[in-house]
Amino acid sequence: MRRTLAEQFIHYFTPKKRIAIFMVAPTMLVLLLFAIYPLIFMFGNSFRAWQLTSVLPPKFVWFKTFGTLFSYGRYWNAFANTLILLAIGILVQSVLGLGIAMLLNRQFHGKRILTGLFLVPVMIVPVVSGTIWRLMLNSEFGPFNYLLGITVHWLGVTKAASMTAILMMDTWQWTPFVAMVLLAGLSAIPREVYEAADVDSASGWHVFTRVTLPLLRPIFGLVVLLRTIFIFRIYEPVSILTAGGPGSATESLSLLTYRTGFQFWNIGLSSAMSVIQVIFMILVAYLFLKFVVTGGRTRHA
Amino acid sequence: MHSQGRTRSIHDRIRRAKRRKLISHYSQNVLVILVVLVFLSPVMWIVTGSFKTRVEFYSTPPVFLPHQASTATGTNYARALEVGGKGFIDSIIVAGFATVLTILLAVPASYAIARYRIGAQHIPFFILSILFLPPVVGILPLFMLLKTLHLIDTHLGLILAYMFFNLPLAVWLTKGFFEDLPEDLESAALVDGYSRFRAFLKIAVPLVVPGIAVAGLFTFIFSWNELAYASIMTRSSVETLPIALTNLMGGHGIQWGALCALATLAAVPGILLSLFMQKYLIRGLSFGAIRG
Amino acid sequence: MRLVRAGLLVLVGLMLCSGLTLADDKPYAGVTIKIACDGGQNILPIEEAVDEIYELSGITVEPIATTMDDLYQKLTSEFIADTGAFDLVVFFPMYGAEFASLGYLQPLDDFMSIADPELDDVADAFRYLYLEYGGKTYSLPYDGDVHLYYYRKDLFEDPGEKAAFEAEYGYPLAAPETWTQATDIAAFFTRKAGETLAGQVLRDDFYGFGLMGLRFWAKQHWKDFFGGRGGLWFDPDTMEPGINSEAGVKAVEDMIALIPYTSPDFLSWWYEDLFNAFLGGRIASMLIWSDVWKKTWDASMSKVVGDAGVSHVPGYEVDGDVVYRAAMPFGRVIGIPKGCSNPEAAYWVARYLSVVASQDFVMTPKTGEDPFRYSHFENASGLSEALEEFAGIPVPIEECQGYLDAVNQNLTNGFPDLNIPGTAQYEDALDLAITQALSGALTPQQAMDRAAAAWNDITTALGKENQKAIYDAMLDAWAKLGYYTP
């Protein structure tokens, strides 16, 4: 019995598929609508030399903009800075976040209040956080040095100290996010799993590595991926604490791209910069998802 | 193992284990409090800042207990409310609706992606890739888009712009939870005659409440704290709190006291929401119980 | 809050009008003018003038604040999109040429015939540098900015310090004429905690000078040195950058010479840090904008009330004369965007702010606005009155006159900002180099050479011919003021 095209069509869209499309459609619609224009804008302009405030009109130069970009030392400096922040930031925030999530994943008095309060750093508007941190790290009036009894010049003097300051602020602000997500993930692991491990009188560490971590792996991988995406785009801590200085010692990609596109109005160059960054992120995310999140995901027994 | 261990009584071992557990429990509690204190100390600095006069911000040694707290506090908070009053209203509208809409759209979408593998991995990856776009790339085109839709300086315009960025996050956060959920219960429900959508709504959703709570909470926070897009997409009709805060940081002369006051006030809704969400975030026991 | 207030004002106004038939007296009844300005102390003058403006004209003014950093982006994106969101814009004159050349602003000449903006009263420097482009006037002045040299008068007058200084350096302690003297003063007054200053033991370190080294702020100091050494932004004939000339490189070296006498943190210092250091009594001298002098009298934020002396920016000895140049960074002017629907009303507001309201708002320390009219410079008593409110002690009129004279003096020898399209880019490249040299990452020559190379790239990208034409026009204005002799 041969089916007509229409019948084949309807047969393809099983109830299962239909409901799936129905549930995904609104989200995809919004995203596509808002993503199309920026994507076209970004790719299109990366092939042009376009200075918004110039009397010269934009013109197609194809890959010449990318060529200029490859020899633009300042861009690669910003890339390197961003990668350094990324590597150290992810490491510290993941480990710290996991530790804190484990600590909070128990029953204790005032759990709700303490956990809720712990999220406050994320609640402060980043611009204000940055401004206050600047004051706190001031080696003359800042409480930071005073309370720790040290005299480190945190901002703008040496690259190492400045990067550390930026990382401190970012860690302070986002570790609660990591911890919260991991806590939610830990909460979803049923008690029985732990009870079973207890019966086998396995040690705490053993339970942690053999039971908890594997079950947490997808969520953990996800939160690391999300933090990677966001640290790669780090802006306020750098902009407010050091403005990228001294010189361009702490300039991050996001800062440079923003300045190029929005202060120098060099739309062509900033689009090319963005293209490179997007491609980089796609690669990183793809590899990450392939090997860390999905590989070895276990189902509950 | 040396012979001594074998001859020790069971009681001793149990007692020792219990004591160890108690010590570990208490020390962990202390650790939690310490951690919270460390993370909250900058916040305390901001809060005490709202009680200070300008000079006290630039004093050596740093002022921890403001001297003229009574007068300074009043002025600071008065100024904060004067500048930020409208900001509260606008922020609640924008962040609130953005969160609700985002969750309403994201949860079904992430379920469909998790369960029905729609579009294989391409659709979820595309959704994630929205987050790869550097903000500067988005600003000018979105500005043009909103302008064409006559949504500049409107609440709706900003809500839509925020949904654009929060949807991917919400989808991915909840997707993970749905994927971890075994299909048995839903399959059982389907056999019992539930429609797929009903199975989703009545069975799956309640079980991933921690994930939805996390997604909702952070969508709210991100929308509440966002500045760059708000600054470009709005003028005078809509003025969210972050923008009101920048008014206190004008060019030459940061009004520190009022800034701290407004920042403190601005954090309150988020804190309240977070405390409220704890109920849904911490479930622990219930899931296992249902499965059993 | 502002909307509610504005709304109530309109309502009350309407009620009054209907009751007293005064509507005829209000030329622009019912009009709303939205004005964008950077926030905080710089938008305060507008906020305070709202009621008066309404009383006199019927216009409801709506101030819209942005951050200082955001101002440029917000204005340009608005010009590009043209949503009619702003009827008036307050901006830094260094963007004036860019805005005017791209057609973003409306010329004001026609409106000026309706109501005189009293441009003759405006200090020549501002008038010829800030307001005009291509023979037309595009903006009215709102804030005059010029650098001054500040010093602790009380320390300079302390007999013990005076004697010690003269003994060590061989000349009397006074406001420095040259940078060599200023550096001597800086060295002399740099003391560690525990040493004495004017007879008192210091609890914290005290520095002789305040230097700003933060990214985007370091260049503001450099300009004073560069100008004093006779530097020019570009060569008038070849359009080659002048920043890596001997003047430019030596200017950086002069700044580096001051590093030992300033805070070790100076690379993170910007305007706030600098003036707070002086007001907090931690530095002996500094180079900063003219509005800070008003702040020194504000007892709620200053510990040096009455002790701030001002003088002209130090310079260099050239053939027996002292040549100095005071940088004039920032400043503010008001312009009308192309898309404004009621330019006449907008002009009325701009003129009111610039001519009438300015008499008050440049005097009070509450605002960040500095004097820019000759009528301001002659109003020492008005300044004294305004300051006394905040100082709590009498403010001698002679001191106010001294301050106003210093401002005038520095303006007469001003070194204006570069004012051609792409200023933001040029300044960024310049500042990058300066901060790299200050932090020791590069030598001054290396850094400035790199900046010059970047400047050439920028000029090429923007169109060398066009840039040169605009730069030449700028130099003509400089020549008119005696800042430049061809």
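Residues numbered from 1 in each chain as written. Chains lettered and ligands numbered in written order. Predicted model: local features only at pLDDT ≥ 70, side-chain atom pairs only at ≥ 80, totals over all residues.

### A word on the overall build of chain A
Put simply, the test is: Working definition: helices are DSSP H or I runs of at least four residues, strands are E runs of at least two. Numbering for both runs from the N terminus. To get the radius of gyration, use the C-alpha atoms; to get the globule rule, take the number of residues to the power 0.38 and multiply by 2.2 Å. Any residue with 12 or fewer other C-beta atoms within 10 Å of its own C-beta is exposed, any with 20 or more is buried, and the rest are partly exposed; the C-beta atoms used are placed from the backbone. Remark: residues whose backbone-derived C-beta atoms lie within 7 Å of one another are considered to be in contact.
The helix and strand inventory of chain A stands at 14 helices and 2 strands. Computed over the C-alpha atoms, the radius of gyration of chain A is 24 Å, more than 25% above the 19 Å expected from 2.2 N^0.38 for a compact globule of 301 residues. Along the first, second and third principal axes, the C-alpha atoms of chain A reach 80 × 75 × 30 Å. Burial statistics for chain A: of 301 residues in total, 51% are counted as buried. Taking the contacts inside chain A whose residues are at least 6 apart along the sequence as the reference set, 71% of them involve residues at least 24 apart.

### As for the overall build of chain C
Along its length, chain C carries 20 helices and 16 strands. Taking 2.2 N^0.38 as the reference for a compact globule, 486 residues should give roughly 23 Å; the C-alpha atoms of chain C span a radius of gyration of 23 Å, in line with that estimate. Dimensions of chain C along its principal axes, counting C-alpha atoms only, are 75 × 55 × 35 Å. Taking the intrachain contacts of chain C between residues at least 6 apart in sequence as the baseline, contacts between residues at least 24 apart amount to 73%.

### Observations regarding the sheet that holds strand β1 (residues 32-38) of chain C
Residue and element names in this part refer to chain C. The test is simple: When DSSP locates at least two bridges between a pair of strands, those strands are taken to pair. Here, axes are lines fitted to C-alpha atoms. For helices the fit covers the stretch in contact, and angles between N-to-C directions go from 0 to 180 degrees.
Taken in spatial order, the 5 strands of this open sheet run β2-β1-β3-β15-β6, and their pairing is mixed. Since the sheet does not close on itself, it has two edges, and those belong to β2 (60-66) and β6 (139-143), each with one partner. Neighbour to neighbour, the strand axes of the sheet diverge by 25 degrees on average, direction disregarded. Alignment of β1 against strand β3 (residues 88-91), held across 2 bridges, turns out to be parallel. Each bridged residue has a counterpart across the sheet, and for I35 the counterpart in β3 is L88. Against the sheet, helix α2 (residues 44-57) makes contact with β1 and β2, and its axis sits at roughly 170 degrees relative to β2, the strand it touches most.

### Quick notes on the sheet that holds strand β7 (residues 147-152) of chain C
Residues and elements named next belong to chain C. What the 3 strands build is an open sheet, ordered β10-β7-β11; its pairing is antiparallel. With partners counted over all chains shown, the strands left at the sheet margins are β10 (285-289) and β11 (308-311), one partner each. Averaged over all adjacent pairs, the angle separating strand axes in this sheet is 35 degrees, with direction ignored.

### A closer look at the domain arrangement of chain A
All names here are of chain A. Stated formally: Segmentation into domains, and thus their bounds, comes from an automatic or database assignment. Residues are grouped as follows: Ala, Val, Leu, Ile, Met, Phe, Trp, Tyr, Cys and Pro are nonpolar; Asp, Glu, Lys and Arg are charged; all remaining types, including Gly, are polar.
Each assigned domain of chain A is listed with its residue range as follows: domain 1 (5-46) and domain 2 (68-294). Inter-centroid distance (C-alpha atoms) of domain 1 to domain 2 is 32 Å. Every contact between the two is made by 4 residues of domain 1 and, on the other side, 6 residues of domain 2. Tallied by class, residues from the side of domain 1 that touches domain 2 come to 2 nonpolar, 2 polar and no charged.

### Comments concerning the nonpolar core
The line we're drawing: Joined through C-beta atoms within 7 Å, a set of buried Ala, Val, Leu, Ile, Met, Phe, Trp, Tyr and Cys residues constitutes a nonpolar core.
One finds A:L182, B:L245, B:L262, B:A263, C:I35, C:V349 and C:A451 to be the most contacted residues of the largest nonpolar core, which totals 349 residues. In terms of residue count, the dominant contributor to this core is helix α7 (residues 155-180) of chain B (16 residues). The residues touching B:A263, leaving out its near neighbours within four places in the chain, are A:I124, A:V125, A:V128, B:I46 and B:L245.

### With respect to helix α9 (residues 196-207) of chain B
All names here are of chain B. To keep it simple, the criterion reads: One less than the residue count of a helix, multiplied by 1.5 Å, gives the span that helix is expected to have. As used here, the arc belongs to the directions running from the helix axis to the C-beta atoms.
Here α9 spans 16 Å end to end across 12 residues, near enough to the 16 Å set by a 1.5 Å rise per residue. When α9 is considered as a whole, its buried residues turn out to be R196, A199, F200, A204 and L207. One side of α9 carries all its buried residues, which in axial view fall inside an arc of 100 degrees. Along α9, exposed side chains directed more than 90 degrees from the buried face belong to K202 and P206.

### Concerning the interface of chain A and chain B
Contact residues are listed per partner, giving 80 residues for chain A and 87 residues for chain B. Split by residue class, the side of chain A that touches chain B holds 59 nonpolar, 13 polar and 8 charged.

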